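Coordinates in review
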Amino acid sequence: MTRIEIAAHGGPEQMVLVEREIPALKPGQLLVRHEAIGINFIDTYNRTGLYPLPLPSGLGKEGAGLVEAVGDGVTRFNIGDRVAYCSGPNGSYASHNVIEADTALLLPTTISSKQAAASMLKGLTVQYLIRQLHPVKAGETVLFHAAAGGVGQIAVQWLKYLGATVIGTVGSEEKAELVKALGCDHVINYRTETVSERVMEITKGAKVPVVYDSVGKATFEDSLDCLAPRGLMVSFGNASGPVEGVNLGILATKGSLMVTRPTLAHFTPNREELEKAGNDLFSVLASGGVKLANPTEYALADAPKAHSDLEARKTQGSLILIP
Ligand SMILES: NC(=O)c1ccc[n+]([C@@H]2O[C@H](COP(=O)([O-])OP(=O)(O)OC[C@H]3O[C@@H](n4cnc5c(N)ncnc54)[C@H](OP(=O)(O)O)[C@@H]3O)[C@@H](O)[C@H]2O)c1
């Protein structure tokens, strides 16, 4: 098989395409031949070492394609099934990956492998953020940062489907137009405007009950100023760098705020909950409540370019690699 590996943490240039033997399957495992591979911002954290990996290592947690072999004891899947997965092991930037069968979902015929690779990790993330962690109610106004990104575009549409009023942030006018077209009620360009000031205006001083913030360091404190008393700050990413050294006292002075730093794995901890969340995602896709735009495609060998583009904020929506 061919796959991307890193021998050291660092920039995109650390990613090298290599040839490797396909490992032997252990009981309970599947060999998946990828038709498409999901690129997620977390892959950049693994590459840089913000979330370190034992080296050398493959990269990437998400892929979709055909089951080429099944390990002993696997009853859930057969050779030829089309599946997707998004919890690793790191090494999905490859023609093939060996995964635990219990982490895969069978794909309905209505979802292509490209769409699945573009949306499983991001869609399950949105599912837990707005349906489990803080179940968003019709009529609620929520602030969702990086609304034009992969996670953001799914979130904006799903929030609208639930009947929420959505305030989205973006880093350019082009991205602003895009998220407006997806139904975002209010768009703030956080490169040119102060988000909390605009949220005060939009909500006529009421502020919002929940902020979903994946930008991290650059937006954290201002996000707290967007929250109504007893509001919930969901800090779920580090696109601008990790949030560190928080003085808990500011949560009291800003209104007895709550803060959480969640991660997908804890909201899909077992087969039953993965299937439940997956079915919720597939249903909203089937209903048309969330429509997946065509993802931006890169060849597997161009993974370094894809990472550079993602980190330089040049991309919109989901990115995939084609092996
Ligand atoms: N905790 C979890 O369970 C979980 C799961 C999945 C994803 N995430 C997080 O969700 C976020 C979105 O993931 P994604 O894969 O869909 O990526 P993405 O949103 O497509 O890309 C990140 C976006 O963040 C914005 N951004 C703001 N400041 C940035 C900076 N200094 N550097 C780079 N980007 C910046 C950019 O949009 P603008 O140009 O519009 O600012 C950029 O396009 C990431 O932070 C990721 O780590 C968390």
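Please read these numbers as outputs of a predicted model, since none were measured by experiment. Every residue gets a number counted from 1 within its own chain, in the order that chain's sequence is written. Reporting in this predicted model follows two pLDDT cut-offs: at least 70 for local features of residues, and 80 or more for side-chain atom pairs to be given and counted; totals over whole chains, interfaces and linings ignore these cut-offs and use all residues. Think of the side-chain values as coming from all heavy atoms in the structure, minus any hydrogens and water.

Brief notes about the overall build of the chain
- In terms of helices and strands, the chain carries 9 helices and 16 strands.
- Atoms counted for the radius of gyration: C-alpha only. Globule rule: 2.2 Å times the number of residues to the power 0.38. Taking 20 Å as the expected radius of gyration for a compact globule of 323 residues, we find that the chain reaches 20 Å, a close match to that expectation.
- In terms of principal-axis extent, the alpha carbons of the chain reach across some 60 × 40 × 35 Å.
- By definition, residues are in contact when any of their heavy atoms lie within 4.5 Å. Relative to all contacts within the chain whose residues are 6 or more apart in sequence, the contacts with residues 24 or more apart total 68%.
- Charge separation in the chain, taken as the distance between the mean sites of 29 positive and 33 negative side-chain charges, equals 4 Å. Runs of E in the DSSP output that reach at least two residues are strands. Runs of H or I that reach at least four are helices, and both are numbered from the N terminus. In this tally, Asp and Glu contribute negative charge and Lys and Arg positive charge; neither His nor the terminal groups of the chain are included. Working definition for charges: the position is that of NZ of Lys, CZ of Arg, CG of Asp or CD of Glu.

Topic: the domain arrangement of the chain
- Where each domain starts and ends follows an automatic or database-derived domain assignment. Assigned domains within the chain: domain 1 (2-118 + 269-322) and domain 2 (138-261).
- Every contact between the two is made by 18 residues of domain 1 and, on the other side, 19 residues of domain 2.
- Put simply, buried area is how much 1.4 Å-probe accessible surface two parts lose in total, over both of them, once they are put together. Both sides together, the interface formed by domain 1 and domain 2 hides about 1500 Å², and carbon and sulfur atoms give 54% of it.
- For this document, the term salt bridge refers to a Lys or Arg side-chain nitrogen within 4 Å of an Asp or Glu carboxyl oxygen. Linking domain 1 to domain 2 there are 0 salt bridges.
- Two N or O atoms count as a polar contact when they lie within 3.5 Å, although within protein this holds only if one can serve as hydrogen donor and the other as acceptor, and sequence-adjacent residues are included solely when both atoms are side-chain atoms. Inspection of the region where domain 1 meets domain 2 yields 11 residue pairs in polar contact (both at pLDDT 80 or more).
- Going through the elements one at a time, α1 (41-48) and α8 (271-287) are the ones with two or more residues in the side of domain 1 that touches domain 2.
- Under the scheme applied here, ten amino acids are nonpolar (Ala, Val, Leu, Ile, Met, Phe, Trp, Tyr, Cys and Pro), four are charged (Asp, Glu, Lys and Arg), and all others, including Gly, are polar. Taken together, the residues that form the side of domain 1 that touches domain 2 break down as 9 nonpolar, 6 polar and 3 charged.

A closer look at the site of the ligand
- One heavy atom within 4 Å of a molecule or strand makes the whole residue count as near it. Y45, Y128, K175, Y190 and R313 are the nearest of the 31 residues found near the ligand.
- Here an oxygen atom of the ligand and a backbone polar atom of V151 are 2.8 Å apart.
- Between P262 and the ligand, the recorded distance is 3.0 Å, taken from a backbone N or O atom to a nitrogen atom.
- Values of accessible area rely on a 1.4 Å probe in the Shrake-Rupley scheme; residue burial ignores everything except the protein chains shown. If the ligand stood free it would expose 900 Å²; the protein chains cover 92% of that surface.
- Broken down by secondary-structure element, the contributors of at least two residues to the shell around the ligand are α1, α2 (113-133), α3 (150-161) and α9 (303-311).
- With 4 residues, α2 is the largest single contributor of residues to the shell around the ligand.
- Grouping the amino acids of the shell around the ligand by side-chain chemistry returns 14 nonpolar, 12 polar and 5 charged.
- Each of domain 1 (2-118 + 269-322) and domain 2 (138-261) contributes no fewer than three residues to the shell around the ligand.

Description of the sheet that holds strand β13 (residues 227-235)
- Only strands that DSSP links by at least two bridges are regarded as paired with each other. Ordered in space as β11-β10-β9-β12-β13-β14, the 6 strands form an open sheet in which the pairing is parallel. What marks the edges here is a single partner per strand, and that holds for β11 (186-189) and β14 (258-260). Ignoring strand direction, the axes of neighbouring strands in this sheet form an average angle of 15°.
- Sheet analysis places β13 next to β14, joined by 3 bridges and oriented parallel. From the neighbouring strand, L232 faces β14, where its bridge partner is M258.
- Angular values range over 0 to 180 degrees, each being the angle between N-to-C directions of two axes fitted as lines to C-alpha atoms, with helices fitted over their stretch in contact. Helix α4 (residues 173-181) contacts β10 (165-170) and β11 of the sheet and is inclined by roughly 165° relative to β11.
- Running at roughly 160° to β11, helix α5 (residues 195-202) makes contact with β9 (141-144), β10, β11 and β12 (208-213) of the sheet.

Re the nonpolar core
- The definition of a nonpolar core used throughout is a set of buried Ala, Val, Leu, Ile, Met, Phe, Trp, Tyr and Cys residues joined through side-chain atoms within 4.5 Å. Buried residues are those whose accessible area, probed at 1.4 Å on protein chains only, stays under 20% of the maximum for their type, while exposed residues exceed 50% and partly exposed ones sit between those limits. With 50 residues, the main nonpolar core has L124, L129, I130, V136, W158, L159 and Y212 as its most contacted residues.
- Among the secondary structure elements, those contributing two or more residues to this core are α2, β9, α3, β10, α4, β12, β13 and α8.
- Two domains each provide a minimum of three residues to this core, namely domain 1 (2-118 + 269-322) and domain 2 (138-261).
- L143, Y190, L224 and I250 belong to the second-largest nonpolar core, a separate cluster that totals 18 residues.

A look at the packing of α1 against α9
- With their axes 10 Å apart at the nearest point, α1 and α9 run at an angle of 105° to one another. By the angle class used here, α1 and α9 are roughly perpendicular. Along the contact surface, α1 presents F41, D43, T44, R47 and T48, while α9 presents H307, L310 and E311.
- Of the residues assigned to the contact of α1 with α9, the class counts are 2 nonpolar, 3 polar and 3 charged. To sort the angles, those under 35 degrees are grouped as roughly parallel, those over 145 as roughly antiparallel, those from 65 to 115 as roughly perpendicular, and the leftovers as oblique.

Describing the pairing of β10
- In terms of burial, β10 is largely enclosed, as 5 of its 6 residues are buried.
- Whether a crossover is right-handed comes down to one check: with the strands pointing away from the viewer, does the path from the first strand over the helix to the second run clockwise; if it does, it is right-handed. Traced from β9 through α3 to β10, the parallel crossover comes out right-handed.
- Two elements, β10 and β11, share 4 bridges in a ladder whose sense is parallel. Paired with T169 across the strands is I188, a residue of β11.
- With α4 bridging β10 and the parallel β11, this β-α-β connection has right-handed handedness.

Re the sheet that holds strand β1 (residues 2-6)
- Taking strand neighbours across the sheet as the criterion, the 3 strands line up as β2-β1-β4 in an open arrangement whose pairing is antiparallel. Since the sheet does not close on itself, it has two edges, and those belong to β2 (16-19) and β4 (57-58), each with one partner.
- Pairing of β1 with β2 involves 4 bridges; the strand directions are antiparallel. If you follow R3 over to β2, its bridge partner there is V18.

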